[in-house]
Amino acid sequence: MTREEKFMHEAIALSLDGIRQNHGGPFGCVIVKGDTIVGRGNNQVTSTNDPTAHAEVVAIRDACKNLDTFQLDGCEVYTSCEPCPMCLGAIYWARPKVIYFANNREDAANVGFDDSMIYDEMSAQIEKRKIPILSLGREEALKVFMEWKDKADKTTY
């Protein structure tokens, strides 16, 4: 078994453990730095009543806590399924060096986790999306952006 297969095996084991414990859907993720697992997560959406508690997000939070950082530079993500749009965004924000996945989005759709509507919505013009998205309070909010822009002691990311 290769190093990568070993870590993927761990992610898949977390997905199985999660469904057997009724935490949520069949998804698991580990985050690795060097040869050490620094973050673990399985889907916990239904057990925590948190729609963002996907395996990748849980693992990112765990890894960042364990590494005491908000970015995962030099880390590898091993996830039991191709990341959904939300998780992919979170992974990109965390900035790991590579993502490995087992099941793909079609496999997920075949067992009831079809994210195609979200992928479609992301490419749709804002005024044509299924949930109305309306701009409100921009003038006031821009002032906060300008203060951030000028803030001398900010931590950029």
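Quick look at the structure, then. (Residues numbered from 1 in each chain as written. Predicted model: local features only at pLDDT ≥ 70, side-chain atom pairs only at ≥ 80, totals over all residues. Heavy atoms only, no water.)

1. Some details on the overall build of the chain
When helices and strands are tallied, the chain shows seven helices and four strands. Secondary structure elements of the chain occur, N-terminal to C-terminal, as α-β-β-α-α-β-α-β-α-α-α. Along the three orthogonal principal directions, the C-alpha set of the chain runs to about 55 × 40 × 25 Å. Taken across its 157 residues, the chain has 31% of its residues classed as buried. For the chain, contacts bridging at least 24 residues in sequence account for 48% of all contacts bridging at least 6. (Helix = DSSP H or I, 4+ residues; strand = E, 2+ residues; numbered from the N terminus. Buried < 20%, exposed > 50% of the residue type's maximum accessible area, 1.4 Å probe, protein only. Contact = heavy atoms within 4.5 Å.)

2. Considerations on unusual backbone geometry
A positive phi angle, near 55°, is found at Asn49, a position not held by glycine. Residue position: Asn49 is located in the loop between helix H2 (45-48) and helix H3 (55-67). Owing to a relative accessible area of 71%, Asn49 belongs among the exposed residues under this scheme. Even without being glycine, Arg95 reaches a positive phi, approximately 60°.

3. Here we look at a nonpolar patch on the surface
Together, Phe70, Trp93, Trp148 and Tyr157 line one region of the surface with nonpolar side chains, adding up to about 550 Å² of accessible area. Within the secondary structure layout, Phe70 lies in the loop between H3 and strand S3 (75-81). (Patch = residues over 30% accessible without salt bridge, like charges linked within 9 Å, V, L, I, M, F, W, Y side chains within 5 Å. Areas by Shrake-Rupley, 256 points an atom, 1.4 Å probe, with all protein chains shown as cover. Salt bridge = Lys/Arg side-chain N within 4 Å of Asp/Glu carboxyl O.)

4. A short note on the pairing of strand S4 (residues 98-103)
Side-chain positions along a regular strand alternate between the two faces of the sheet. Taken together, the five bridges between S3 and S4 define a ladder with parallel strand orientation. Across the sheet, residue Tyr78 finds its bridge partner in S4, namely Tyr100. Regarding the hand of the β-α-β motif, the stretch spanning S3, helix H4 (residues 85-94) and S4 is right-handed. (Pairing = 2+ DSSP bridges. Right-handed = clockwise from strand over helix to strand, strands pointing away.)

5. Some remarks on the pattern of salt bridges
Enumeration according to the criterion identifies seven salt bridges in this entry. A salt bridge links Arg3 to Glu76, with the nearest nitrogen and oxygen atoms 3.0 Å apart. In this pair, Arg3 is assigned in helix H1 (residues 3-20) and Glu76 in strand S3, connecting sequence segments 73 residues apart. Owing to a relative accessible area of 7%, Glu76 belongs among the buried residues under this scheme. What you see here is one network of salt bridges that share partners, running through Arg3, Glu4, Asp35, Glu76 and Lys97.

6. Here's the deal with the sheet that holds S3
Picture the strands of a sheet paired through backbone hydrogen bonds; they go either parallel or antiparallel. With mixed pairing, the four strands of this open sheet are ordered in space as S2-S1-S3-S4. What marks the edges here is a single partner per strand, and that holds for strand S2 (36-42) and S4. In this sheet, adjacent strand axes meet at a mean angle of 15° when their direction is disregarded. The pairing of strand S1 (residues 28-33) with S2 spans six bridges and is antiparallel. Paired with Val32 across the strands is Ile37, a residue of S2. Packed on one face of the sheet, H3 meets S1, S2 and S3 and runs near 140° to S2. (Axes fitted to C-alpha atoms, helices over the stretch in contact; angles between N-to-C directions.)

7. Here's the deal with the environment of Asp35
Mapped onto the elements of the fold, Asp35 is located in the loop between S1 and S2. Relative accessible area serves as the criterion here: at 54%, Asp35 is assigned to the exposed category. Separated by 100 residues in the primary sequence, Asp35 and Ser135 place their C-alpha atoms 46 Å from one another. Non-local contacts of Asp35, meaning those with residues more than four positions away in its chain, are made with Arg3 and Phe7. Engagement of the side chain of Asp35 in a polar contact is seen with the side chain of Arg3, the distance being 2.6 Å. (Polar contact = N/O pair within 3.5 Å; in protein donor to acceptor, adjacent residues only side chain to side chain.)

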